[in-house]
Amino acid sequence: MSHTIQAADHELEFRGFRYVARTATAGTSATEPVVVLGGSSQDRHSWLRYERVLLSHSSMLTLELPGYGQADPLPVEHGMGFLADAVRHAADTLSLGPVNVFGACFGASIALRLAQQHPDRVARLMLGGTAVETSPEYIASAHRWRRMVDDGLIDDLARDMVQQFMSPPDHGFVRRRAAVARLMQQRFAHLTERELAMDITHHERLLSHPWSVPEPTVTTPALVFTGEHDTITPPPVGRRVAEGLGARFATIKDSDHLVQIERDTDLADLMARFFTDQPLDDLPYLNPVECFATATATAVA
């Protein structure tokens, strides 16, 4: 990248809750700013490696919303709608105008709600590792993780979480499987007491609020993707979401739910292509893209 990256952290407050926004730019603006909403264990620095690709096309905003990272804890009664409003608050406060929105895992639930509640603020919508509803398997895992935390079984918790988030070894080839498994194990095993408490509240938030709501209908151009071997939000589930949104759907080869770590360079390329309206055909890391855009864009129920 020829331009110097300029990055800044912004301490913001939304409805009494302090949170942190990180803006980064290299001075290019081929498309609207890209807002990245990651999963529960990710913070505003988790997507730094994506900057070398995305900042060639636009500026980036990453967030530690209330309830995550260094932001204020967020009581469980506040759901995805509240967090989507906080994203809108950040974009407005930082005068970003309409934005491209990327949401992965839990961030996809917030991103979808943002597109529903504030359609004029979202230029394009990209959702990864998403679902129609919280699965019974996840609900059972969340209850189990709560018991492990209460019993102080943190190493067991770390192993269990890695097993849940990664596909079984015999399910299909996953790039960097061993390295990613070690990384995730270390991350979960070394959570601070504060981080553990926030993680548990996060799981309880998912059990207390719907993953998605049927109205209003989303008309924003959308792309839904998942790892081809994802077992938490498997391809048939992502396909249902894409069909409901009248979106395109893609599976990324040799990856599971943690595709953003396993195939970061390829996912960054896919983001850049989608957000700049480039073709997605014949990309070496994608299986053939399915298009539901001609179908009636019914809402995800």
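What you are looking at is a predicted structure, and each value in this text was computed from that prediction instead of being measured.

I'd love a proper account of the overall build of the chain, names of residues and values included.
Scanning the chain for helices and strands turns up ten helices and nine strands. Over its C-alpha atoms, taken along the principal directions, the chain stretches across nearly 50 × 45 × 40 Å. Restricting to contacts in the chain with at least 6 residues of sequence separation, those with at least 24 account for 75%. In the structure as shown, the chain presents an accessible area of about 12,700 Å², 51% of it carried by carbon and sulfur atoms. One way to put it: in the chain the 27 positive side-chain charges average out to a point 2 Å from where the 38 negative ones average out.

Tell me about unusual backbone geometry, and name the residues and values.
The peptide bond linking Glu 215 to Pro 216 adopts the cis configuration, its omega dihedral lying at -5°. Mapped onto the elements, Pro 216 comes out in the loop between α7 (193–208) and β7 (222–227). Positive phi is not limited to glycine here, since Asp 277 has a value of about 60°. Residue position: Asp 277 is located in the loop between α10 (264–275) and β9 (290–291).

Could you give an account of the pairing of strand β1 (residues 6–14), naming the residues involved and the relevant values?
With nine bridges connecting them, β1 and strand β2 (residues 17–25) associate as antiparallel partners. Looking across to β2, one finds that Phe 14 is bridged to Phe 17. Between β1 and β2, which follow one another and run antiparallel, lie two residues, and Arg 15 among them has a positive phi close to 50°.

Describe the sheet that holds β1, naming the residues involved and giving the relevant values.
Read across the open sheet, the nine strands follow the order β1-β2-β4-β3-β5-β6-β7-β8-β9; overall the sheet is mixed. Unpaired on one side and paired on the other, β1 and β9 mark the two borders of the sheet. Here β2 runs beside strand β4 (residues 60–64); their pairing, made up of five bridges, is antiparallel. Note that in β4 the partner of Thr 23 across the bridge is Leu 61. Where helix α2 (residues 80–93) meets the sheet, it contacts β1, β2, β3 (34–37) and β4, and its direction lies at approximately 125° from that of β1.

Give me the nonpolar core: which residues, what numbers.
One recurring pattern in soluble globular proteins: nonpolar side chains tend to sit buried together. In terms of nonpolar packing, the biggest core is built from 65 residues, with Leu 37, Leu 63, Leu 65, Leu 125 and Leu 127 touching the most fellow members. With near-sequence residues (within four places) excluded, Leu 127 lies in contact with Gly 103, Ala 108, Ala 111, Leu 112, Leu 223, Val 224, Phe 225, Val 241 and Leu 245.

Go over the packing of helix α4 (residues 136–150) against helix α5 (residues 154–165) with me, naming the residues and quoting the values.
Packing of α4 against α5 brings their axes to within 10 Å, and their N-to-C directions diverge by 165°. By the angle between their axes, α4 is roughly antiparallel relative to α5. Every pair of crossing elements has a handedness; the one defined by α4 and α5 is left-handed. Contact with α4, carried on its side by Ser 141, Arg 144, Trp 145, Met 148 and Val 149, involves Asp 156, Leu 157, Asp 160, Met 161, Gln 164 and Phe 165 of α5 and no other residues of that element. Grouping the constituent residues of the contact of α4 with α5 by class yields six nonpolar, two polar and three charged.

Tell me about empty space enclosed by the protein, and please be specific about residues and values.
In total, this model carries five cavities of 30 Å³ or more according to the counting rule given. Size it by volume and the largest cavity reaches roughly 160 Å³. Lining the largest cavity are 16 residues, with Leu 37, Gly 38, Gly 39, Gln 42 and Leu 63 positioned closest to its centre. Class assignment of the residues belonging to the lining of the largest cavity gives a composition of eight nonpolar, five polar and three charged. Looking at the second largest cavity, the residues that line it are Gly 39, Ser 40, Ser 41, Gln 42, Cys 105, Phe 165, Met 184, Arg 187, Phe 188, His 257, Leu 258 and Gln 260. The greatest single-element share of the lining of the second largest cavity, amounting to three residues, is contributed by helix α6 (residues 177–189). When grouped by side-chain class, the residues that make up the lining of the second largest cavity number five nonpolar, six polar and one charged.

Lay out the environment of Gly 246 in plain terms, naming residues and giving numbers.
By secondary structure assignment, the location of Gly 246 is in the loop between α8 (235–245) and β8 (248–252). Gly 246 sits 107 residues away from Ile 139 along the chain, and the two C-alpha atoms are 28 Å apart.

Tell me about the pattern of salt bridges, and name the residues and values.
Taken as a whole and judged by the stated rule, the model has 22 salt bridges. With a closest N to O distance of 2.7 Å, Arg 273 and Asp 269 form a salt bridge. Taken together, the residues Arg 273 and Asp 269, both in helix α10 and four residues apart, mark about one turn of the helix. In this structure Arg 273 comes out as partly exposed when scored by relative accessible area, which is 23%. Under the relative-accessibility criterion, Asp 269 is labelled partly exposed at 24%. Each of the salt bridges in this network shares a partner with another, and the network as a whole consists of Arg 88, Asp 92, Asp 120 and Arg 121.

What counts as what
Residues numbered from 1 in each chain as written. Predicted model: local features only at pLDDT ≥ 70, side-chain atom pairs only at ≥ 80, totals over all residues. Heavy atoms only, no water. Helix = DSSP H or I, 4+ residues; strand = E, 2+ residues; numbered from the N terminus. Contact = heavy atoms within 4.5 Å. Areas by Shrake-Rupley, 256 points an atom, 1.4 Å probe, with all protein chains shown as cover. Lys, Arg positive; Asp, Glu negative; His and termini not counted. Charge placed at Lys NZ, Arg CZ, Asp CG, Glu CD. Pairing = 2+ DSSP bridges. Axes fitted to C-alpha atoms, helices over the stretch in contact; angles between N-to-C directions. Core = buried A, V, L, I, M, F, W, Y, C linked by side-chain atoms within 4.5 Å. Buried < 20%, exposed > 50% of the residue type's maximum accessible area, 1.4 Å probe, protein only. Parallel < 35°, antiparallel > 145°, perpendicular 65-115°, else oblique. Left-handed = near helix turned anticlockwise from the far one by under 90°. Nonpolar A, V, L, I, M, F, W, Y, C, P; charged D, E, K, R; others polar. 1 Å grid on protein atoms, 1.4 Å probe; cavity = no way out; pocket = protein on both sides within 12 Å on 5 of 7 lines; lining within 4 Å. Points joined across faces, edges and corners; volume = space filled by probe spheres on them. Salt bridge = Lys/Arg side-chain N within 4 Å of Asp/Glu carboxyl O.

Geometry only, nothing functional implied.
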